[in-house]
Amino acid sequence: MTRPDPLGVLNTTRAVVQQARWVHLDPAGLERLAATLLQRPDAMPTWEHPLHWRGDREQTANYLLVLDALNFCFWPEPRWRVEYNQRVYDGYWALAAALRRAIEHGYPVCEASYLANITAAELGTILAGEGIVPLLEERAAHLREVGQGLLAHFDGRFSAAIEHAAGSATELVRLLVAHFPSFNDVATYDGQPVHFYKRAQLLATDLAGAFAGRDLGKFHDLDQLTAFADYKLPQVLRWYGALIYEPQLAAHIDRRDELPAASPQEVEIRAATVWAVQDLASRLTSAGRSTPPWLIDWSLWNLGQTLPPHAPPYHRTRTVFY
C-alpha cells in the first residue's frame, strides 16, 4: 500500500531498511502481530486523564507545546519520580504530573515570556521529585527555544502556528521543525539524512486528542503521519517477533548497555519501527480494518504496557528526540 509522504519520513527510512545490517523485519512476526491487533478493538487515544492539564484555548495549545518539548528520555535508573496527590509517577506521567503541579502552584509555564528566559535551576524546581530528570540542561534549552520562537514568530501563541497550518498536521510538523529546532528530528545514515520527526508528529496527535478533533485539534491529514519512532515500539515489535536484531546488537540491548544516539544501529531500529508500522497498516487494511499508522502506534504502545517482566528490554539511548 502506497501512502503519501509529505514529510519525507517514508522515503528516507525506506533507504535505511533496505541497507540495514543490524535490524530486520520478519514477515511471519508481522503477520502474527497483525492478527493480535485484529483481535483487539480499535482504541482511539483519549486525552482525558487527571494528570493532563487544560486551560483556555491559548493556554492549552502552549501547554501542549511545552509538554512535548520536554517529552523525551526518562529511562536511566533509578527512575526519576514525581509525587502528586499522594501518588508517585515516573516517565511521561511524572512529567505531566510535574507540569500540572507547577501550574497549580502559580508557575507561568504556558507563557512565552517566562519560558524564553527559564534557567535549568528554575526548571529543576518545577520538575523536582525523587532523583533528577535526565538531560535537565537540554530540557531548559528547549523551553527557552519554545518561548523565544513563540515571541519571534507567533506573538507568543502556539495557536497562531496551528492556525497557520490551516488544518494540516503535516504542515504543522514542518512549521515546528522550522521554528523550533529541537523538534527537527533528523539523523544521518551512510551520509544521507533520515527524517523521523517523532515529537513533532506526536504533538499533532496530542492536539487532536486535547481538542477532541475540533478547533485547534482539527486536521484533515492525520493519516499521513507515520509511527513515532521511540524506544517502546521496537521493544513490542521485537517481543512479537516482527523486529529481529543481529545477535551482537541483541546482546548489547539485553545487557542494557547504552546505544549511542545517531549510531547506525539506533537509526536502523527507528527506521525499521516506522516500516513495521507501515506494514501492519497494509495488513490491517487487507483484512478489512483500515487503520492509520499513528493509531497503530497507539495500539502498540498499549500492548507495551502489558509485556511480561521477562520480555527483552528496550534499547537505551540518551537523546532529546524520544
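Provided above is the structure to which this section pertains.
This report concerns the structure included in the present document. Model, not experiment: these values are computed from the prediction.

What counts, and where the lines are drawn
- Residues numbered from 1 in each chain as written.
- Predicted model: local features only at pLDDT ≥ 70, side-chain atom pairs only at ≥ 80, totals over all residues.
- Heavy atoms only, no water.
- Phe/Tyr/Trp six-rings, centres within 6.5 Å; stacked < 30°, edge-to-face > 60°.
- Helix = DSSP H or I, 4+ residues; strand = E, 2+ residues; numbered from the N terminus.
- Buried < 20%, exposed > 50% of the residue type's maximum accessible area, 1.4 Å probe, protein only.
- Lys NZ or Arg CZ within 6 Å of the ring centre and 35° of its normal.
- Core = buried A, V, L, I, M, F, W, Y, C linked by side-chain atoms within 4.5 Å.
- Contact = heavy atoms within 4.5 Å.
- Salt bridge = Lys/Arg side-chain N within 4 Å of Asp/Glu carboxyl O.
- Pairing = 2+ DSSP bridges.
- Axes fitted to C-alpha atoms, helices over the stretch in contact; angles between N-to-C directions.
- Left-handed = near helix turned anticlockwise from the far one by under 90°.
- Nonpolar A, V, L, I, M, F, W, Y, C, P; charged D, E, K, R; others polar.

One pass over the full model with this rule turns up six aromatic pairs. Taking the centre distance of 4.9 Å and the plane angle of 70 degrees together, the rings of Tyr92 and Trp93 count as edge-to-face. Ring centres of Phe154 and Phe180 lie 6.4 Å apart, and the angle between their planes is 25 degrees; this geometry places the pair in the stacked category. Linking Phe154 in the loop between helix H7 (136–153) and helix H8 (158–164) with Phe180 in the loop between helix H9 (169–179) and strand S4 (186–189), this pair joins segments that are 26 residues apart in sequence. By the burial criterion, Phe154 is buried, and Phe180 matches it. Lying over the aromatic face of Phe72, Arg139 brings its terminal NZ or CZ to 4.1 Å of the ring centre. Sitting over the face of the ring of Tyr314, Arg316 holds its NZ or CZ atom 4.0 Å from the ring centroid.

This brings us to the nonpolar core. Tyr63, Leu64, Leu65, Phe158, Leu176, Phe183 and Leu207 are the most contacted members of the largest nonpolar core, which has 83 residues in total. Of all the elements, helix H4 (residues 91–104) adds the most residues to this core, at nine residues. Leave out the neighbours within four places in its chain, and Phe158 touches Ala61, Asn62, Leu65, Leu150, Leu172, Leu176, Leu203 and Leu207. Within the second largest apolar cluster, 30 residues are counted, among which are Trp22, Leu37, Leu249 and Leu284.

For the rest of this paragraph, the subject is the pattern of salt bridges. The final tally for this structure, using the stated rule, is 14 salt bridges. For Arg100, the salt bridge goes to Glu104, with nearest N and O atoms at 3.2 Å. Of this pair, Arg100 and Glu104 both sit in helix H4, four residues apart, roughly one helical turn. Between Arg270 and Asp185 there is a salt bridge, and its shortest N-O distance comes to 2.7 Å. Separated by 85 residues along the polypeptide, Arg270 in helix H13 (residues 264–286) and Asp185 in the loop between H9 and S4 bring together distant segments of the chain. Judged on exposure class, the residue Arg270 and its partner Asp185 are both buried.

On to the environment of Ile162, then. With respect to the helices and strands, the residue Ile162 is situated in helix H8. For the pair Ile162 and Leu216, spaced 54 residues apart in sequence, the C-alpha separation works out to 6.5 Å. Residues contacting Ile162, with those up to four places away along its chain left out, are Ala61, Leu172, Leu207, Leu216 and Phe219.

Quick look at the environment of Pro6 now. Summarising the element assignment, Pro6 is placed in the segment before helix H1 (9–19). A C-alpha to C-alpha distance of 7.5 Å links Pro6 and Gln224, two positions 218 residues apart in sequence. Contact partners of Pro6, with chain neighbours within four places excluded, come to Thr170, Arg174 and Gln224.

Going residue by residue along S4, you find Ala187 and Tyr189 tucked away on one face and Val186 and Thr188 left uncovered on the opposite face. Bridge analysis of S4 against strand S5 (residues 192–195) gives four bridges, and the strand direction is antiparallel. Paired with Tyr189 across the bridge in S5 is Gln192. Count of turn residues in the S4/S5 antiparallel hairpin: two residues, of which Asp190 carries a positive phi of about 50 degrees.

What follows concerns unusual backbone geometry. The linkage connecting Glu77 with the following residue, Pro78, adopts the cis geometry, with an omega of -5 degrees. If you trace the backbone, Pro78 turns up in the loop between helix H3 (57–69) and strand S2 (81–84). The phi angle at Asp215 is positive, at roughly 50 degrees, despite the residue not being glycine.

Before going further, it helps to examine the packing of H3 against helix H10 (residues 198–210). The contact between H3 and H10 brings their axes to 10 Å, and the two run at 145 degrees. Crossing geometry of H3 relative to H10 is assigned as right-handed. Residues Leu64, Leu65, Asp68 and Ala69 of H3 form the contact with H10, whose own contacting residues are Arg199, Leu202, Leu203, Asp206, Leu207 and Ala210. By residue class, the composition of the contact of H3 with H10 is seven nonpolar, no polar and three charged.

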